[in-house]
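Structural characterization, general
Next come the chains, spelled out residue by residue.
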Amino acid sequence: MIARLGWLGSAILFIVVALAIFYGSGHFRKHALRASILQSDPARLERLGRRLIVGYKDVAKIKALVEKRAIAGIFLTTRNAQDRTADQIRSEIESLQAIRKAQGLPRLIVAADQEGGIVSHLSPPLTAQPSLGATISDLSSDDEREKAVKAYAAPQARELQTLGVNMNFGPVVDLQPSAAPANDSGSRIYSRAISSDPDLVAKVAVWYCETLAEFDVTCTLKHFPGLGRVANDTHVAAGTLATPEPQLEREDWLPFQRLKNDPRFAMMIGHVRVDAIDPTLPASYSSEVINGLLRTRWKVDALLVTDDFGMGAILESKDGIGEAAIKALNAGVDLVLLSNSDKHFDTVMTALVAADSGGLIRKDLESETFRRLVRASKHP
């Protein structure tokens, strides 16, 4: 055939084939890797998968992960809500939960980032609300604030529950800095924080979380160890918290401590290094912070979920996303959040499978995580 094409036709054919290989090989390898992962040992895939919450765009891909028991939950964000109705989103979630129920497993965690204000990823179709801080900013008494917070939280929780969401990544309990840091382009904690007063932040968090719990929605205190004093944006690069530990205990950590023993609530661990405890690793995968401080000293039995592992502080770290995920699970984190499963699920799961095959994943923590998941996400 090539001989009949002549030298020019042969050259064109060669270029076309070469380009197809060049541009298609990555796509092919990606699909081959996902297929290989889903065909791996089912028991191992389920054990490791129950430690991951993932965001998605293509429902067919996420359905395959649910069918293989390869995830603990899903994360809904703007890409899942854009140009869609609440009924469409709810129907999609119900179809995934039906698979889960047929498997006899606890329902999928369905998480959202619906703080209000500038972080309202499901609005529309959900109702847009101001931030919690803006809601109470002009109120002077605790009675007024409590009424306002509960009046704010109840309709938000009702809409989330109706949609099928059972975990909200809020409230933000980082203390409000005196001014917005110049190089914080992504976190924008100044605009999202409730207050600079730790006692007030703690009270608002309790009122808010208790109201969400009435609607079977788990709140998530974030972002431990606190971003209010951190100059760098962890979406882009590593950040450091250099405040002495006694001051952190009195101020930044007071809201977290106030709710740490309530099993209805979860806690999100951010990617900030705490100089006073572990100056080398981000809190999200530091054993000194997670196991040493939270699990052992504070006796925290709540679900611990990381901030998104697709952020720059993780991707640009010396460990990389795969090794960081291994360290996070071994440190005592229950759930690693991957907001973009198309980009990062295969890398992380491949690393976890390899580590587990080599006996490098702590088995003693898996049953504890499963117990917390059952407690937090029972079928109604």
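Points about the overall build of the protein
Tallying secondary structure elements over the protein gives 16 helices and 12 strands in all. Counting the 380 residues in the protein, one finds 53% classified as buried. At a minimum sequence separation of 6, the contacts of the protein that also span at least 24 residues come to 73%.

A few points about the nonpolar core
In terms of nonpolar packing, the biggest core is built from 97 residues, with F224 and F309 touching the most fellow members. Top element by residues in this core is helix α9 (residues 198-214). It accounts for 8 residues. Contact partners of F309, with chain neighbours within four places excluded, come to H271, S284, Y285, I314, L315, I321, A324, A325, A328, V336, L337 and L338. Residues F75, I109, A266 and L373 belong to the second largest nonpolar core, which totals 14 residues.

Looking at the sheet that holds strand β6 (residues 167-168)
Paired through their backbone hydrogen bonds, the strands of a sheet run either parallel or antiparallel. The sheet built from 8 strands closes into a barrel, its strands ordered β1-β2-β3-β6-β7-β9-β11-β12 with parallel pairing. Pairing of strand β3 (residues 109-112) with β6 involves 2 bridges; the strand directions are parallel. By the bridge assignment for β6, A111 is matched with M167. Across the sheet, helix α15 (residues 341-357) lies against β1 (52-55) and β12 (335-338), angled at about 160 degrees from β1, the strand it touches most.

Considering the side chain of S284
Within the secondary structure, S284 sits in the loop between β10 (272-274) and α12 (287-297). On the accessibility criterion, S284 (0% relative accessible area) is buried. Among the polar contacts listed, one links the side chain of S284 to the side chain of H271, at a separation of 2.8 Å. Discounting chain neighbours no more than four positions away, the residues touching S284 are I269, G270, H271, I290, T306, F309, I314, A328 and V333.

Notes on the packing of helix α2 (residues 42-49) against α15
The interhelical angle for the contact between α2 and α15, taken along N-to-C directions, is 115 degrees, at an axis separation of 10 Å. Classified by chirality, the crossing of α15 by α2 is right-handed. Packed against α2, whose contacting residues are R44, L45, R47, L48 and G49, the element α15 presents M349, L352, V353, D356 and S357 at the interface. Split into classes, the residues belonging to the contact of α2 with α15 amount to 5 nonpolar, 2 polar and 3 charged.

What to know about the confidence of the model for the protein
Of the residues in the protein, 89% have a pLDDT of 70 or more, and the chain-wide mean is 89. Per-residue pLDDT stays below 50 along residues 1-5; that stretch engages in 4 contacts with residues further than four places along the chain or on separate chains. Note on residues 7-25: pLDDT under 50 across the span, and 6 contacts to partners over four residues away in sequence or across chains.

Some points on the packing of aromatic side chains
Any pair of aromatic rings gets described here by the distance separating the centres and the angle formed by the planes. Counted under the stated rule, the structure contains 5 aromatic pairs. Ring centres of F224 and F256 lie 5.1 Å apart, and the angle between their planes is 90 degrees; on these two criteria the pair is classed as edge-to-face. Placement of F224 in strand β7 (residues 218-224) and of F256 in helix α11 (residues 254-259) is noted, with a sequence separation of 32 residues between them. Residue class for F224 comes out buried when judged on its relative accessible area of 0%. Here F256 falls in the buried class, since its relative accessible area comes to 0%. Pairing F224 with W298 gives two aromatic rings, centres 5.6 Å apart and planes at 75 degrees, and the pair type is edge-to-face. A residue pair is termed long-range when its members are at least 10 positions apart, and F224 in strand β7 and W298 in the loop between α12 and β11 (303-308) qualify at 74 residues. Looking at W298, the relative accessible area reads 6%, which means it is buried.

Looking at α15
Between its first and last C-alpha, α15 extends 22 Å over 17 residues, near the 24 Å set by a 1.5 Å rise per residue. Of the residues making up α15, those classed as buried are S341, H344, F345, D346, V348, M349, A351, L352, V353, A355 and D356. At the N-terminal boundary of α15, the capping side chain belongs to N340, with an oxygen 3.2 Å from the backbone nitrogen of D342. Just beyond α15, the residue with positive phi is G359, at close to 75 degrees.

Digging into the environment of R372
Locating R372 in the fold gives a position in helix α16 (residues 366-376). Placed 69 residues apart in sequence, R372 and L303 show a C-alpha to C-alpha distance of 6.3 Å. Ignoring sequence-local partners within four residues, the contact set of R372 consists of R295, D301, A302, L303 and D334.

Observations concerning the side chain of R50
Position of R50 relative to the elements: it lies in the loop between α2 and β1. Using a relative accessible area of 15% as the deciding quantity, one classes R50 as buried. With residues up to four places along the chain from it excluded, the contact list for R50 reads I71, A72, D334, L335, T369, F370 and L373.

What about the environment of A328?
Here A328 lies in helix α14 (residues 320-331). By relative accessible area, which is 0% here, A328 ends up buried. When neighbours within four sequence positions are excluded, A328 is seen to be in contact with S284, Y285, F309, V333 and V336.

The rules behind these values
- Residues numbered from 1 in each chain as written.
- Predicted model: local features only at pLDDT ≥ 70, side-chain atom pairs only at ≥ 80, totals over all residues.
- Heavy atoms only, no water.
- Helix = DSSP H or I, 4+ residues; strand = E, 2+ residues; numbered from the N terminus.
- Buried < 20%, exposed > 50% of the residue type's maximum accessible area, 1.4 Å probe, protein only.
- Contact = heavy atoms within 4.5 Å.
- Core = buried A, V, L, I, M, F, W, Y, C linked by side-chain atoms within 4.5 Å.
- Pairing = 2+ DSSP bridges.
- Axes fitted to C-alpha atoms, helices over the stretch in contact; angles between N-to-C directions.
- Polar contact = N/O pair within 3.5 Å; in protein donor to acceptor, adjacent residues only side chain to side chain.
- Left-handed = near helix turned anticlockwise from the far one by under 90°.
- Nonpolar A, V, L, I, M, F, W, Y, C, P; charged D, E, K, R; others polar.
- pLDDT = per-residue confidence, 0-100.
- Phe/Tyr/Trp six-rings, centres within 6.5 Å; stacked < 30°, edge-to-face > 60°.
- Expected span 1.5 Å × (residues − 1).

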